[in-house]
Amino acid sequence: MKKLFNSYIDTFEYHSNSIENCIHVSGWCYFKNGKNVEYVVECNEEVKHYDILKVDRPDVDVQFQLNTKQNQFGFYIKVKLDQKNSLTDFVLKAKCENETQEILRLNKSQIKKRENNSIFYYSIDEFKTNDNMCFVTGYVFAEGSDAPIEIEVLDYQKKHIEAKVDRIVRKDVMKVYKADNQNEKIGFRAEFSAKEKNPYYLRFKLGQEELEVPAEITLSFSQLTKSYIKSVNPERMKNAIRYLRKNGVRRFIHRVKLGPMDEIKLTYDEWFKFMSPDEKELENQKSEKFKYEPKISLIVATYNTPKKYLEEMIKSVLAQTYSNWELCIADGSTNEDVKKYIEKNIQENRIKFKKLDKNYGIADNMNAAYEMTSGEFVGFFDHDDLLTPNALYEVVKKLQDRKIEMVYSDEDKFDTDTKKFTEPHFKPDFSIDLLRSVNYICHFLIVKKSLIEKVGAFNKKYDGAQDYDFTLRAIEKLENDQIAHIPMILYHWRMHSSSTAANPESKLYAFEAGQRAIEDHLKRQQVHAQVKMSKNLGMYDVFYKIADDPFVSIIIPNKDHIEDLSRAIESIQEKSTYRNFEFIVVENNSVEPETFKYYEEVQKKYKNVKVVIWKEEFNYSAINNYGETFAQGDYILLLNNDTEMIEPRSIEDMLGICQRKDVGAVGARLYYEDDTIQHAGVIIGLGGTAGHAFLNIPKEQGGYFNRIFAKQDVSAVTAACLMVKKTVFEEVGGLFEGLKVAFNDIDFCLKIREAGYLIVYDPQAEFYHYESKSRGMEDTPEKVARFNREIETLTNRWDQIFDKGDPYYNPNLSLLMDSYTIKMPEEMKVEQSKKMEKKKLIIYIIFVTMKNVIKKSVLRQFPIQQVFQL
């Protein structure tokens, strides 16, 4: 029989339990040269009604070179069965043009193998380890039950392990399974300490029902082979043999099935020690003479400082390779310990000490230390922290640019228990919006003394956040080019039981003082805004008040997909707290009659909706530029048709920011349908060109130093949801029409930045963006060629920015991996590549080892089919 249909079945599930009796089957199918098909389902030789979700499968389109416009070849079918009858026969047929063909048939025994008597639907999507922690993500739900399912983590002996379990919305799963649940938080992310022994298990519990499943991701035999060959090295071979001897055959086989762990991971402690200057370099720094060598006065307020911390703090200053410094210590301790230590052990004339008659509080104690200074610059230093030996050298090196009056560096923490450096804070260059969200500048901060005399030193009103208040007052008097950032770790913030670094709750009063500091800063700047403490300690949400009632024009390009378009429009019409807006839908070559019918209906329903016609070929830039010519608003909101507003104040909040004179455009926080991050700002250079920060991170998580939750300046935001002043839009000439599909929003934002305006990422503006996670794949030669041309166009237009790097993304962070991961030094890459030269020898060792294992009758107990059976 001639094969008229091409198909593939991805999954078949038969659920038969006390709650339901149903089938789920998924796969793809098309007729002849790419026509969509209909389906017939037969169960026990009886035609059954079913629910179906059809999905685009561009991979099938490309693989078989079908070149179709409509490629909904994928399907998820759900068939509900009578609870009383068991399934003995299943047939799935495809139909098209009076032709019918069977694409799946299962008999009773085949169905039995796929039968699931548990009430739980679940998936383990990811299992990974990092810094002695395990992370497991996935979903679990029970059909027809809205009750949350209890999730417990077990060790290899099935004993309970303490774990943090976050619940995540998974609309994508609900949609696929046609689930009736009202509770959409069926996704989970479990985090727990990694133990030496594994495997781990998850236990799902709902009432009397219970199910235990391995917490792991298994690979196919071919995947295992490739991954082991790719990652093999002598150290791993030793570890494998050691693991086999220690844990036995059964657990060794279990471990093999998991595949190799990631590439050897570099801990931050290792990275820092590798990057730190060696003794030779430090000696060279000591002998270097700068043209400008200002005295740096370090001010410290001590208060009952433990002798060990005091000694180490002073030693870190004495070890500085730059010598023109002084250390000014004001002691407000309730005892004489600090005084006695310094009198007995310190003969250095560069160290000044004053015992205060009482404890005046943090601010005034620091002011007392400041009164002793004689240097041209002043550095702020906590009594229990440490400087790196090259800290002052790097500062003075930066101060050779004589216009600079404020310098700050990156910092990390020193764990007093493990004696290791951890939690590096790699900061951006100056960002006023990030500073209003959190005191990210913090340590190490050095300021010109004349600036301090101009703005005043520390204010007791802000005790606990006195440095935050001072920084805000100082930057008000400076231009951006007078503030310098050194992207190097120069300061170690010590973590111990009473420090804010280890226990933020220990200084709640400091966070309240920080809120007052921001409020007063905004008043001085004559900026009308409300400041609220964030749920994340030490962070703040600033809500800018809207002046007057400006008109906003929302421009949405559209071709068919009226379900998406309707959802985008209705979500704003129904939810938005801000009401003075219009919609301009730019129609672009739709082909479905229902689309034009919808246009008529929506314009009748809403007087603020207007549809305009773009008859030319698709060009995202040109379409939006065309839509802007119809806009009556003072502000433009570029919006994709596959978005949905979540937070009712989104437009209101974006508008408040966009009204500021220093701001040109504002972007929102966007989520995929499964409530993971689709957009939280764009990083120039990420992935080679430009990429979204924090991609795929669950919405409940804040990412690197909670940056996802912080308003901040960025180099670009996506035009899927971008607000811009109309005057700025026209000033920069709109979107560049030479970029038809990709990177036009990046180019647009860079033009706005070049014109002197800020681009702000606003996490309080929240939308879904139903763009597929695989959407945008360049899957034809024509698309690849176009994509490469647009990359070249963007990088040529902004070559200086690509060469210099994104100012809001630290150069110590990787552009090749996930955003905000540490970049491995080139020297370390070279060392690893040398190890890989021995790969052929290592592969030989693997097979010899396996041969010896076989000789010892391992496989008589565990046949090779069982070892790799999934």
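Residues numbered from 1 in each chain as written. Predicted model: local features only at pLDDT ≥ 70, side-chain atom pairs only at ≥ 80, totals over all residues. Heavy atoms only, no water.

A look at the overall build of the protein
Phase 1 of the analysis: The number of helices and strands found in the protein is 27 helices and 40 strands.
Phase 2 of the analysis: Within the protein, the fraction of its 870 residues that count as buried is 53%.
Phase 3 of the analysis: In the protein, of all internal contacts separated by at least 6 residues, the share reaching a separation of at least 24 is 74%.
Phase 4 of the analysis: In the structure as shown, the protein presents an accessible area of about 41,700 Å², 49% of it carried by carbon and sulfur atoms. (Helix = DSSP H or I, 4+ residues; strand = E, 2+ residues; numbered from the N terminus. Buried < 20%, exposed > 50% of the residue type's maximum accessible area, 1.4 Å probe, protein only. Contact = heavy atoms within 4.5 Å. Areas by Shrake-Rupley, 256 points an atom, 1.4 Å probe, with all protein chains shown as cover.)

Some thoughts on the sheet that holds strand E8 (residues 99–106)
Phase 1 of the analysis: Here we have four strands laid out as an open sheet, ordered E4-E3-E7-E8, and antiparallel in their pairing. Two strands bound the open sheet, and with one partner strand each, they are strand E4 (46–48) and E8. On average, each strand axis in the sheet is tilted by 30° relative to the strand beside it, whichever way the strands run.
Phase 2 of the analysis: Pairing geometry for strand E7 (residues 90–96) and E8, over seven bridges, is antiparallel. Across the sheet, residue Leu-92 finds its bridge partner in E8, namely Leu-104. (Pairing = 2+ DSSP bridges. Axes fitted to C-alpha atoms, helices over the stretch in contact; angles between N-to-C directions.)

Overview of unusual backbone geometry
Phase 1 of the analysis: The omega torsion across His-443 and Phe-444 is -5°, close enough to zero to call that bond cis.
Phase 2 of the analysis: Summarising the element assignment, Phe-444 is placed in the loop between helix H12 (432–437) and strand E25 (445–448).
Phase 3 of the analysis: One non-glycine residue, Lys-158, lies in positive phi territory at about 65°.
Phase 4 of the analysis: Mapped onto the elements of the fold, Lys-158 is located in the loop between strand E12 (150–154) and strand E13 (160–161).
Phase 5 of the analysis: A positive phi is found at Asn-589, a non-glycine position, where the angle reads about 60°.

A look at the environment of Tyr-544
Phase 1 of the analysis: Looking at where Tyr-544 falls in the secondary structure, it is placed in strand E28 (residues 540–544).
Phase 2 of the analysis: Taking the relative accessible area as the measure of exposure, Tyr-544 reaches 6% and is therefore buried.
Phase 3 of the analysis: As a C-alpha pair, Tyr-544 and Glu-652 span 108 residues in sequence and 9.1 Å in three-dimensional space.
Phase 4 of the analysis: Other than its neighbours up to four places away in sequence, Tyr-544 contacts Asp-433, Arg-436, Leu-522, Val-527, His-528, Ala-529, Gly-656, Ile-657 and Arg-660.
Phase 5 of the analysis: For Tyr-544, the side chain forms a polar contact with the side chain of Arg-436, separated by 3.1 Å.
Phase 6 of the analysis: Of the polar contacts made by the side chain of Tyr-544, one reaches the side chain of Arg-660; its length is 3.3 Å. (Polar contact = N/O pair within 3.5 Å; in protein donor to acceptor, adjacent residues only side chain to side chain.)

Concerning the environment of Asp-82
Phase 1 of the analysis: Structurally, Asp-82 can be placed in the loop between strand E6 (74–80) and E7.
Phase 2 of the analysis: Owing to a relative accessible area of 41%, Asp-82 belongs among the partly exposed residues under this scheme.
Phase 3 of the analysis: Asp-82 sits 61 residues away from Asn-21 along the chain, and the two C-alpha atoms are 6.7 Å apart.

A word on the environment of Lys-699
Phase 1 of the analysis: Among the secondary structure elements, Lys-699 is positioned in the loop between strand E37 (690–692) and strand E38 (712–714).
Phase 2 of the analysis: Lys-699 gets classed as partly exposed once you look at its relative accessible area, which sits at 22%.
Phase 3 of the analysis: Separated by 531 residues in the primary sequence, Lys-699 and Ile-168 have C-alpha atoms spaced 7.9 Å apart.
Phase 4 of the analysis: In contact with Lys-699, other than residues within four places in its own chain, are Arg-669, Tyr-671, Asp-675, Thr-676 and Phe-709.

Examining the sheet that holds E12
Pairing between the strands of a sheet comes from backbone hydrogen bonds, and it takes one of two forms, parallel or antiparallel.
Phase 1 of the analysis: Read across the sheet, four strands follow the order E13-E12-E16-E17 without closing on themselves; strand pairing throughout is antiparallel. Edge positions in the open sheet fall to E13 and strand E17 (209–214), since each of these has one partner strand only.
Phase 2 of the analysis: Relative to strand E16 (residues 201–206), E12 runs antiparallel, the two sharing five bridges. Within E16, the position partnered with Glu-150 by the bridge is Lys-205.

Re the pattern of salt bridges
Close approach of charged atoms lets side chains of opposite charge pair.
Phase 1 of the analysis: What the rule picks out here adds up to 40 salt bridges.
Phase 2 of the analysis: For Lys-403, the salt bridge identified is with Asp-401, shortest N-O distance 2.7 Å.
Phase 3 of the analysis: Overall, the relative accessible area of 39% leaves Lys-403 in the partly exposed class.
Phase 4 of the analysis: Among the residues examined, Asp-401 registers a relative accessible area of 30% and is labelled partly exposed.
Phase 5 of the analysis: Where Asp-653 meets Lys-711, a salt bridge forms, and the shortest distance between an N and an O atom there is 3.2 Å. Here Asp-653 is found in helix H19 (residues 650–658), whereas its partner Lys-711 is found in the loop between E37 and E38, with 58 residues between them in sequence. (Salt bridge = Lys/Arg side-chain N within 4 Å of Asp/Glu carboxyl O.)

Observations concerning the confidence of the model for the protein
Phase 1 of the analysis: Summary statistics for the protein give a mean pLDDT of 85 and a share of 84% for residues scoring 70 or more.
Phase 2 of the analysis: The low-confidence segment residues 257–264 (pLDDT under 50) makes 27 contacts with residues lying over four places distant or belonging to another chain.
Phase 3 of the analysis: Note on residues 773–777: pLDDT is under 50 here. Beyond four places in sequence and across chains, it has six contacts. (pLDDT = per-residue confidence, 0-100.)

Quick word on the packing of helix H14 (residues 466–475) against helix H15 (residues 508–524)
Phase 1 of the analysis: For the pair H14 and H15, the least separation of the axes is 9 Å and the interaxial angle reads 15°. Judged by the inter-axis angle, H14 sits roughly parallel to H15. Considering only the axes of H14 and H15, their crossing is right-handed. Every residue of H15 that contacts H14 at Tyr-468, Asp-469, Leu-472, Arg-473 and Ile-475 is listed here: Gly-514, Ala-517, Ile-518, His-521 and Arg-524.
Phase 2 of the analysis: Considering only residue class, the contact of H14 with H15 consists of five nonpolar, two polar and three charged. (Parallel < 35°, antiparallel > 145°, perpendicular 65-115°, else oblique. Left-handed = near helix turned anticlockwise from the far one by under 90°. Nonpolar A, V, L, I, M, F, W, Y, C, P; charged D, E, K, R; others polar.)

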